[in-house]
2 protein chains.
Amino acid sequence: MNERTKSFEGWQVCSNSALKRATRQLGQLYDDLIDASGLRGTQYTLMTQIHMNSGSSLKVLAESMVMDLSALGHTLKPLIRDGMVELVPDGKDRRVKRVKLTEAGIEKWQEATRLWREAHERFERLFGEEQAKALRDTLNLIASKDFAGRFRAGSDKD
Amino acid sequence: MNERTKSFEGWQVCSNSALKRATRQLGQLYDDLIDASGLRGTQYTLMTQIHMNSGSSLKVLAESMVMDLSALGHTLKPLIRDGMVELVPDGKDRRVKRVKLTEAGIEKWQEATRLWREAHERFERLFGEEQAKALRDTLNLIASKDFAGRFRAGSDKD
DNA sequence: CTCATATAGTGGCATATGCCAGTAAATTCC
DNA sequence: GGAATTTACTGGCATATGCCACTATATGAG
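Thresholds applied
- Residues numbered from 1 in each chain as written.
- Chains lettered and ligands numbered in written order.
- Predicted model: local features only at pLDDT ≥ 70, side-chain atom pairs only at ≥ 80, totals over all residues.
- Heavy atoms only, no water.
- Pairing = 2+ DSSP bridges.
- Helix = DSSP H or I, 4+ residues; strand = E, 2+ residues; numbered from the N terminus.
- Near = heavy atom within 4 Å.
- Polar contact = N/O pair within 3.5 Å; in protein donor to acceptor, adjacent residues only side chain to side chain.
- Contact = heavy atoms within 4.5 Å.
- Buried area = accessible area lost by both parts, 1.4 Å probe.
- Salt bridge = Lys/Arg side-chain N within 4 Å of Asp/Glu carboxyl O.
- Buried < 20%, exposed > 50% of the residue type's maximum accessible area, 1.4 Å probe, protein only.
- Axes fitted to C-alpha atoms, helices over the stretch in contact; angles between N-to-C directions.
- Least-squares fit on C-alpha atoms with pLDDT ≥ 70 in both.
- Nonpolar A, V, L, I, M, F, W, Y, C, P; charged D, E, K, R; others polar.

A. Looking closely at the sheet that holds strand 3 (residues 97-101) of chain A. Residues and elements named next belong to chain A. Judged by pairing direction, the sheet is antiparallel, and its three strands sit side by side in the order 1-3-2 without closing on themselves. Each end of this open sheet is capped by a strand with a single partner; those strands are strand 1 (56-57) and strand 2 (85-89). Strand direction decides the pairing type here: strand 2 and strand 3, joined by five bridges, are antiparallel. Counterpart to Val-88 in the pairing with strand 3 is Arg-98.

Dropping the structure here:
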């Protein structure tokens, strides 16, 4: 409301805002490159995780993605509708549904992977391999259950 | 649960996935704390930006948020509906609408700021002030126009 | 001045995500 | 064994975001 603080910007102080802003930008950059596959970044990531851990339950998949279970369900719908993913009811526990890519899904994933690689390489070149790795480690720490637990616990380290 | 701990995970290799995953987690942690204000993290960030740059046009605001103009418009709707934000048509250029917080909006922002501070302090304590600052700098670099330009340009740092 | 073009927003549609209230199936307790 | 509780998902509602098409304005070329 005043001109004095004119240049104050939330993301210079708030890590959460900074994270979201950077995520929007990088998401955009990656999306532009894998767009030709018809997939979005999130869908590609999801398919990668499904492919590499085929047969996981929705619950487990949601946890690994650090995503709400119902959110995962919603996000999966267009992929199921388009025949990329399928849910297979577990034989033993009938509450459980196991997720896997269909044949078409695997092909689409491979196609998208070729496009993703270009984005990945650009990022690595521009940002630096070492730093990119360090950034991912940092982000994965923040995404860890341990971190969330400590944060919720109150604050103090140890 | 998987016996083989070999499970390949995208975010160990893909910076974009890692960013989104960490953003979901931290967003959740912050949201839980400012929830009492009735605002979401994004809304709070947006209101902060509006408050500190009162009277900006939607276009300018969207750019600073690294957000699509139409996305900003959508995000603003609930805030306008709830009387937190108002759009004031520019006198000179009638295409332009200037954004500002209402009285109620300012009060709500102050209330949310008290809650946000707790989240901020927890993060700083847990993550480390120095590192938090470094992380924000890194993220702000990724969110910069310069970075996007170079990324789109191809790659080389030239 | 007039017309072609660029600019700022809006509205519709689609995905991304989360919360909450069910539903159904498995597990625990008595 | 049967009721109470927990667990795994689903569906509805709301916000978060982006793309595209369209409208209203402003601007620049002639």
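Resuming the write-up.
B. Main features of the protein's contact with DNA strand D. Around DNA strand D, the structure places 27 residues, and the nearest of them are A:Gln28, A:Lys59, A:Lys97, B:Ser70 and B:Arg81. Sugar plus phosphate, as a fraction of atoms of DNA strand D within 4 Å of the protein: 72%. Between DNA strand D and the protein, one listed contact pairs a base oxygen with a side-chain N or O atom of A:Arg95 at 3.1 Å. Those elements giving two or more residues to the surface near DNA strand D turn out to be helix 1 (15-34), helix 3 (58-65) and helix 4 (69-81) of chain A together with helix 2 (41-52) and helix 4 (69-81) of chain B. Broken down by element, the residue count for the surface near DNA strand D peaks at six residues, all from helix 4 of chain B.

C. The arrangement of the interface of chain B and chain A in detail. Facing 71 residues of chain B, the contacting portion of chain A comprises 69 residues. When the two sides are added together, the surface that chain B and chain A hide from each other amounts to roughly 6900 Å², 62% of it contributed by carbon and sulfur. Taken as a group, B:Gln25, B:Leu126 and B:Phe151 account for 11% of the area that chain B buries against chain A, more than any other trio of residues on that side. Remark: the boundary between chain B and chain A carries two salt bridges. The closest approach of N and O atoms between A:Asp32 and B:Arg152, which form a salt bridge, is 3.8 Å. Viewed at the interface, chain A and chain B are joined by 21 residue pairs in polar contact (both at pLDDT 80 or more).

D. The arrangement of the pattern of salt bridges in detail. This model, assessed by the stated rule, comprises 24 salt bridges over all chains. Among the ionic pairs, B:Arg98 bridges to B:Asp90, the shortest N-O distance being 2.7 Å. In this structure, the salt-bridge partner of B:Lys108 is B:Glu111, at a minimum N-O distance of 3.3 Å. One end of the pair, B:Lys108, and the other, B:Glu111, are both in helix 5 (residues 103-127), three residues apart, so they sit about a helical turn from each other. The class of B:Glu111 is partly exposed, set by a relative accessible area of 28%. A single network of salt bridges, built from pairs that share partners, joins A:Lys59, A:Glu63 and A:Lys145.

E. How the structure looks around the sheet that holds strand 1 (residues 56-57) of chain B. All names here are of chain B. Here three strands make up an open sheet; going across it, the order is 1-3-2 and the pairing antiparallel. Strand pairing shows two members of the sheet lacking a second neighbour, strand 1 and strand 2 (85-89), which therefore form its edges. Across the sheet, helix 2 lies against strand 2 and strand 3 (97-101), angled at about 105° from strand 3, the strand it touches most. Taken strand by strand, helix 4 contacts strand 2 and strand 3, and its axis lies near 105° from that of strand 2.

F. Local environment of the relation of the copies chain B and chain A. Of the two same-sequence chains, chain B is brought onto chain A (RMSD 0.0 Å, axial shift 0.0 Å) by a rotation of 180°. Taken together, the turn and the small shift mark the pair as related by a two-fold rotation axis. Of all interface residues in chain B, 94% are interface residues in chain A too; the two copies therefore contact each other through one and the same surface.

G. Here's a closer look at the protein's contact with DNA strand C. Within the structure, DNA strand C sits among 27 residues, and A:Thr42, A:Ser70, A:Arg81, B:Gln28 and B:Lys59 are positioned closest to it. A share of 74% is what sugar and phosphate atoms reach among the atoms of DNA strand C within 4 Å of the protein. A:Ser70 places a polar side-chain atom, nitrogen or oxygen, 2.4 Å from a base nitrogen of DNA strand C. Residue A:Lys92 places a main-chain N or O atom 3.3 Å away from a phosphate oxygen belonging to DNA strand C. In terms of residues, the surface near DNA strand C owes the most to one element, helix 4 of chain A, which gives six residues. Classifying every residue of the surface near DNA strand C gives six nonpolar, nine polar and 12 charged.

Honestly, it's all geometry; don't read function into it.
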